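# Structural description and commentary
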Amino acid sequence: MTGAQCTRARWRHALSRELEKSGVSRAGWRQRGAAPPLPTLQTEIAERTTVCRQSLAVMSDNIRRRKRTGLANFRSRWSEQPKDNLISDVAGKHSTIQSGEDDRQQGALKRFSAMWSSLRRGKRDKVKDPEHIEQLGPLVADEKSRQHRYVSGQYFFEYLVVVSLKKTKDGNNYEPQITYQFPKRDGMAKFQREEEEKTLKALTLFCFPEGINWAPLTEYRSETFSFVLTEIDGSRRNGYCRRLLPGGKGARPPEAYCIISTLACFGLFSKIFDEVEKRRQISMAMIYPFMQKLREAPFPAPGNTVEIKSFIPESGTEIISLTRPLDSWLEHVNFATLFNCLTDNEVLLVFAAAVLERRIIFIADELGTLSQVIHAVAALLYPFTWQHTFISIVPKILIDVVMAPTPYLLGVQKHLLDQVTDQNDLLLVDLSEDKKETFIVSIGDESSILPPKLQNEILEALTNREKASMGEELNRVVSEAFLHFFVKTVGHYASFVKYSGTGERGVFEERSFYKAIESKTTRHFVKKFIKTQMFDLFIQEVEQQPGSQQGVFHQKILEYQEKKKRDKTKKH
């Protein structure tokens, strides 16, 4: 063998070794393009080897950072959660449910913990250098590109999974398992695949929050509900779930369809479930082409419609129209369920407790009722956002979260009522039809939190919903009633954020702000409200971004100020 041949052999061996370390086979490398000319082979191999080493360095650094900072960041973000009872070590791996009750609970907790571990993908874990993304190979680069397109609105959803109840090894109980997933994630890096598996397995807790005590059924009424997954960086993903009895004869356990999306639009995804369910009755294979068409469709702007063409045997090609509400900030809300469960005065008491960020638990038999009511209550706070623990349906295994001393909005199924009634210093609201009393537990001052005059104005505005025939019109009437409350109490905030110069952070003059309020009762309420976290974060955004006063709230403030000017002119 000549000296040149020896050199080439050494380079080939070195390259193969580096490729194997980074998970790329020699055959895979060769498929990326034709072999380089012999005169440049040595240089080409050297460049590719360098690329592989850099890829390894980036991947290793990401993994080290995850191990080093993941638990610390988790504890920081979720410091308000009861650590001992709610969440075990987030680094723990998912384990299967075992025969004993303690082992089953421990396994479920580990699944839930694995979910939080999988949600640690904040900005700190993203590779910022586009060259590094390219060096990680086309599969990782495609994943980054997919995320960019998805966030920008090209994709309706991230996952569709089917969760079925399967018998445990001892044959005594049922365990929820994912039996179908779209799209599949082939060719992912090992750490990505592990994180994804943990997330998907954890979803089973929310699809079947009742636990493992299921029995085969011959009849089961379909129900649709939603839940929220909160990531470490504060961003949220929405889970939409429909449970129904699968096709077949005889007694059988229900199954659940679950869609994960960053988009909050309950009505739209309910219609998507209708189409999925229709195709499931024919064949599981019919779901794939429909979801692929949906995945390729652009997410419509508020008030617009997107049409999906889908073929069904014996029916031909169907056109499914999916329309977003014009008020996009209300598209995840159904106020009708809230007012079907509570009277107007009862809604006001719940709103009063929520606006001061108190602990609130809702009790109901149906999962759909719980999820719709808790989202509706959160929407009443617009333009402010609930910043604390938010679990629309608490899985049985996590019921100890009710003991958390910090603010929360929780939905709990009624069969778990005995496990929450020993709590005090909270508002416990019964939404069920056969309730003896609405407020099982209360602090007692809820009726005196809001200014009396503004309470009456809200109640008067709510009477207009009787004229609203459509769900979207009802949402508008209800939301405006509570939006005007915030306009009249804190709508003058912009005048009390002072900026010393261009590009400088503003300063909110808190004392001058509430001193400017003429009504004594309103001023008393505002002095409490400005201490909440939701108001504090709202003002921080205004201080940091002078031009952030936009949207519906700002528009209503301008309309109210113009009306006051006109009324003042008429008096003079």
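Before going into details, it helps to say that this report is about the structure given with it. For clarity, every value in this text was computed on a predicted model and none was experimentally measured.

### Let's talk about the overall build of the chain
The helix and strand tally for the chain stands at 19 helices and 14 strands. Counting over 572 residues, the chain shows a buried share of 50%. On the chain, roughly 28,600 Å² of surface is accessible, and the fraction owed to carbon and sulfur atoms is 49%.

### A short note on the sheet that holds strand β10 (residues 408-413)
Read across the sheet, five strands follow the order β9-β10-β8-β11-β12 without closing on themselves; strand pairing throughout is mixed. The open sheet terminates on both sides in strands that have one partner only, identified here as β9 (389-391) and β12 (439-441). Each neighbouring strand pair of the sheet contributes to a mean axis angle of 25°, computed without reference to strand direction. Looking at chain direction, strand β8 (residues 359-364) and strand β11 (residues 427-430) are connected through four bridges and run parallel. Paired with I363 across the two strands is D430, which belongs to β11.

### Observations concerning the packing of helix α12 (residues 344-355) against helix α15 (residues 471-490)
Contact geometry of α12 with α15 gives a least axis separation of 13 Å together with a crossing angle of 45°. Taken together, α12 and α15 sit at an angle that is classed as oblique. Both α12 and α15 take part in a crossing whose hand is right-handed. Residues V347, L348, F351 and V355 of α12 pack against F482, F485 and F486 of α15.

### Thoughts on the pairing of β11
Remember that side chains alternate between the two faces of the sheet whenever the strand is regular. Burial along β11 is two-sided: the residues L427 and V429 and L428 and D430 are all buried. Here β11 pairs with β12 via two bridges, running antiparallel. Bridge assignment links V429 to a residue of β12, and that residue is F439.

### Structural notes on the packing of α15 against helix α19 (residues 551-571)
Each pair of packed helices can be described by the angle between their axes along with the distance between the axes. Running from N to C, α15 and α19 cross one another at 65°; their axes reach a closest spacing of 10 Å. The orientation of α15 relative to α19 falls into the category roughly perpendicular. For the pair α15 and α19, the crossing hand works out as right-handed. Taken together, the residues of α19 that come into contact with α15 (itself represented by E480, L483, H484, F486, V487 and K488) are V552, F553, K556, I557 and Y560. Across the contact of α15 with α19, the residue classes tally to seven nonpolar, one polar and three charged.

### Describing the sheet that holds strand β3 (residues 223-230)
Taken in spatial order, the five strands make up an open sheet running β2-β1-β5-β4-β3, and their pairing is antiparallel. Whereas interior strands pair on both sides, the edge strands pair on one side only; in this sheet they are β2 (174-182) and β3. Strand after strand, the sheet turns through a mean of 25° between neighbouring axes, direction not considered. Pairing geometry for strand β1 (residues 159-167) and strand β5 (residues 255-261), over six bridges, is antiparallel. For V161, the partnering residue across the bridge sits in β5 and is C258. On the sheet, helix α8 (residues 190-207) packs against β1, β2, β3, β4 (236-244) and β5 and is oriented at approximately 125° with respect to β2. Packing against the sheet, helix α10 (residues 287-296) makes contact with β1, β2 and β5, and its axis sits at approximately 60° to β2.

### Focus: the pattern of salt bridges
All chains considered together, the criterion is met by 21 salt bridges. Taking the shortest distance from any N to any O, the salt bridge between E223 and R243 comes out at 3.1 Å. Highlighted residues: E223 in strand β3 and R243 in strand β4, separated in sequence by 20 residues. For the pair E223 and R243, one class covers both residues: buried. Among the salt bridges present, the one from E275 reaches R279, with a minimum N-O distance of 2.8 Å. Residue E275 and its partner R279 are both found in helix α9 (residues 266-280); the two are separated by four residues, about one turn of the helix. The pair E275 / R279 is uniform in exposure class, with both members buried. Taken together, the shared-partner salt bridges in this structure form one network comprising E473, R476, E480, K556 and E559.

### Concerning the environment of S226
Tracing the chain through its elements places S226 in strand β3. Note on S226: relative accessible area 1%, which makes it buried. With 106 residues separating them in the primary sequence, S226 and H332 have C-alpha atoms 9.7 Å apart. Apart from the residues lying within four places of it in its own chain, the contact partners of S226 are G239, Y240, F266, H332, S371, H375, S392 and I393. A polar contact of 3.4 Å, which involves the side chain of S226, links it to the side chain of H375.

### Thoughts on the packing of aromatic side chains
Per the stated rule, a full pass over the model turns up 27 aromatic pairs. Geometrically, the ring pair formed by F384 and F486 is edge-to-face, given 5.1 Å between the ring centres and 65° between the ring planes. Separated by 102 residues along the polypeptide, F384 in the loop between α13 (367-379) and β9 and F486 in helix α15 bring together distant segments of the chain. The exposure class of F384 is buried, given its relative accessible area of 3%. When the ring of F486 is compared with that of F529, the centres are 5.7 Å apart and the planes differ by 35°; the resulting orientation is tilted. Taken together, the residues F486 in helix α15 and F529 in helix α17 (residues 520-529) connect sequence positions 43 residues apart. Residue placement shows R279 over the ring face of F290; its charged tip is 4.5 Å from the ring centre. The cationic tip of R295 hangs over the ring face of F157; the distance from NZ or CZ to the ring centre is 5.6 Å.

### Examining α10
Those residues of α10 lying buried are I287, F290, M291, L294 and R295. In a view along the axis of α10, the buried residues occupy a sector of 135°, so they form one face of it.

### Details of the pairing of β3
Of all eight residues that make up β3, eight are buried, and the element is covered over most of its length. Side-chain alternation along β3 places E223, F225, F227 and L229 on one buried face and T224, S226, V228 and T230 on a second face that is also buried. Here β3 runs beside β4; their pairing, made up of eight bridges, is antiparallel. Bridge pairing in β4 places V228 opposite N238.

### Digging into unusual backbone geometry
In most cases, non-glycine residues show a negative phi, while peptide bonds are predominantly trans. Going from F182 to P183, the amide bond is cis rather than trans, its omega being -5°. Among the structural elements, P183 can be located in the loop between β2 and α8. With an omega of 15°, the peptide bond between Y382 and P383 qualifies as cis. Along the chain, the position of P383 falls in the loop between α13 and β9. In this model, E357 sits at a positive phi of 55°, which is unusual for a non-glycine residue. Residue placement: E357 occurs in the loop between α12 and β8.

Cut-off values and rules
Residues numbered from 1 in each chain as written. Predicted model: local features only at pLDDT ≥ 70, side-chain atom pairs only at ≥ 80, totals over all residues. Heavy atoms only, no water. Helix = DSSP H or I, 4+ residues; strand = E, 2+ residues; numbered from the N terminus. Buried < 20%, exposed > 50% of the residue type's maximum accessible area, 1.4 Å probe, protein only. Areas by Shrake-Rupley, 256 points an atom, 1.4 Å probe, with all protein chains shown as cover. Pairing = 2+ DSSP bridges. Axes fitted to C-alpha atoms, helices over the stretch in contact; angles between N-to-C directions. Parallel < 35°, antiparallel > 145°, perpendicular 65-115°, else oblique. Left-handed = near helix turned anticlockwise from the far one by under 90°. Contact = heavy atoms within 4.5 Å. Nonpolar A, V, L, I, M, F, W, Y, C, P; charged D, E, K, R; others polar. Salt bridge = Lys/Arg side-chain N within 4 Å of Asp/Glu carboxyl O. Polar contact = N/O pair within 3.5 Å; in protein donor to acceptor, adjacent residues only side chain to side chain. Phe/Tyr/Trp six-rings, centres within 6.5 Å; stacked < 30°, edge-to-face > 60°. Lys NZ or Arg CZ within 6 Å of the ring centre and 35° of its normal. Arc of directions from axis to C-beta.

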